[in-house]
Amino acid sequence: YHFPAPQAPVIAVASSTLINGKGRYVGGPSSPLSVISVVKGQRYRFRLVSISCDPNYVFSIDGHNMASMIYELSTTIIEVDGQNVQPLTVDSIQIFAGQRYSFVLEANQPISNYWVRARPNIGNTTFDGGVNSAILRYKWAPIREPNTTQIPNSNPLLETNLYPLDDPAAPGVPTLGAADVSLNLAIAFDFASNKFSVNGASFVPPTVPVLLQILSGAKTAQDLLPPGSIYTLPRNKVIEVSIPGGTTGAPHPFHLHGVGHLFSLHMKSLTVMQHAFSVVRSAGSSTYNYANPVRRDVVSTGGSASDNVTIRFRTDNSGPWIFHCHIDWHLDRGLSIVFAEDVPDIAKFNPPSTWDALCPAFDAAHPDG
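Residues numbered from 1 in each chain as written. Predicted model: local features only at pLDDT ≥ 70, side-chain atom pairs only at ≥ 80, totals over all residues. Heavy atoms only, no water.

(A) Local environment of the side chain of Asp81. Position of Asp81 among the secondary structure elements: in the loop between β6 (75–80) and β7 (83–90). A polar contact of 2.8 Å, which involves the side chain of Asp81, links it to the backbone nitrogen of Arg100. A distance of 3.1 Å separates a polar side-chain atom of Asp81 from the backbone nitrogen of Val298. Beyond its immediate sequence surroundings of up to four residues, Asp81 is in contact with Gln99, Arg100, Arg296, Asp297 and Val298. (Helix = DSSP H or I, 4+ residues; strand = E, 2+ residues; numbered from the N terminus. Polar contact = N/O pair within 3.5 Å; in protein donor to acceptor, adjacent residues only side chain to side chain. Contact = heavy atoms within 4.5 Å.)

Quick look at the structure:
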């Protein structure tokens with residue numbers, strides 16, 4: 001974006017796509033593009049991450065015409081949002097804001113330069129002059145921009161073709177509506193106020209964080225702020241959430257916080273529960289899959305009014321976890337809720353005395369808020 005966020009129009013459109021920090025824009029200079037170097041005969045694990053403010057992208061790498069035969073650089077997905085999946089070979093990946101993929105690329109094509117393409121769904125969707133592009137360069141290839149052309153994608157990623165590598169079943173009884181708690185999240189947009197809402201409530205960040213509200217004695221959704229945006233959930237229960245699609249600004253990539261990591265510190269291992277969910281119904285599909293749905297933590301709600309994306313998760317990670325649209329403009333305009341899991345046990349938590357110094361220290365360092 002070539003303007004400060006406070007000066008953004010109601011519908012802000014990105015001026016440029018950056019890949020590894022480099023890119024071009026329409027009417028701008030031919031700035032250097034990112035170069036991904038590979039050696040013929042090697043296999044590479046790529047980690048594809050969308051830190052987009054708004055657009056979703058169709059990511060692909062050009063193939064090459066040679067001796068009347070078409071070669072395609074295919075990619076095999078092995079991980080989605082930190083969850084290992086059964087290998088799936090595709091020729092393009094649609095990736096939404098906040099999503100992550102790992103794929104294996106075999107550098108088995110003739111030594112040359114190939115266009116890496118990320119076509120956004122809004123704004124300038126061409127590749128003219130190297131916009132929305134980077135370069136895959138084989139070792140010993142000439143240092144120049146590719147002259148490859150894009151072959152129509154014939155094997156795009158479909159979310160319904162992704163299956164977990166381990167423990168594939170969704171939690172709970174494999175029947176629609178048979179979860180312990182079922183929620184429907186109806187998204188709406190008010191053009192008069194320029195605000196999104198979920199089930200009639202637009203999220204406004206509270207002056208006191210939800211966690212501190214709970215630790216201070218608030219126990220029910222009615223007690224917690226902001227009003228209408230907090231959903232209290234019981235411990236160790238199966239939650240089913242449905243989000244109808246086709247709403248203003250859709251598709252919305254919704255992200256559930258509460259995702260942790262496994263790491264070691266000073267020879268002591270610390271495990272934090274991971275809060276991915278099972279996508280039992282994906283955008284663009286009317287089928288419910290409880291046997292082996294993909295697990296992830298960012299899902300597209302879909303752009304069609306016939307979509308009804310449905311997810312399931314178990315409340316095994318106590319805490320207040322925000323569930324929000326990952327399009328920054330939409331989050332800023334209220335498209336978010338908070339799941340407060342296991343409020344009674346959170347309230348029993350006795351934080352160390354050093355916690356008491358955190359807020360005064362922050363306030364002192366940020367007197368203007």
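(B) Up close: the sheet that holds strand β8 (residues 93–95). Read from one edge of the open sheet, five strands run β1-β11-β10-β3-β8, paired in mixed fashion. Unpaired on one side and paired on the other, β1 (35–38) and β8 mark the two borders of the sheet. Averaged over all pairs of adjacent strands, the angle between strand axes in this sheet comes to 20 degrees, irrespective of strand direction. As paired strands, strand β3 (residues 57–61) and β8 are joined by three bridges and run antiparallel to one another. Across the sheet, the residue bridging to Val58 is Gln94, located in β8. (Pairing = 2+ DSSP bridges. Axes fitted to C-alpha atoms, helices over the stretch in contact; angles between N-to-C directions.)

(C) Looking closely at unusual backbone geometry. Looking along the chain, the bond that leaves Leu225 and enters Pro226 is cis, with omega of 5 degrees. With respect to the helices and strands, Pro226 occurs in the loop between α1 (210–215) and β15 (230–233). Looking along the chain, the bond that leaves Ala250 and enters Pro251 is cis, with omega of 5 degrees. Within the fold, Pro251 resides in the loop between β16 (238–244) and β17 (253–256). At Asn236, a residue that is not glycine, the phi angle is positive and equals roughly 55 degrees. The phi dihedral of Asp342 falls on the positive side, at around 55 degrees, and the residue is not glycine. On the secondary structure map, Asp342 appears in the loop between β25 (336–341) and α3 (343–348). On the basis of relative accessibility, which here comes to 6%, the residue Asp342 falls in the buried class. (Buried < 20%, exposed > 50% of the residue type's maximum accessible area, 1.4 Å probe, protein only.)

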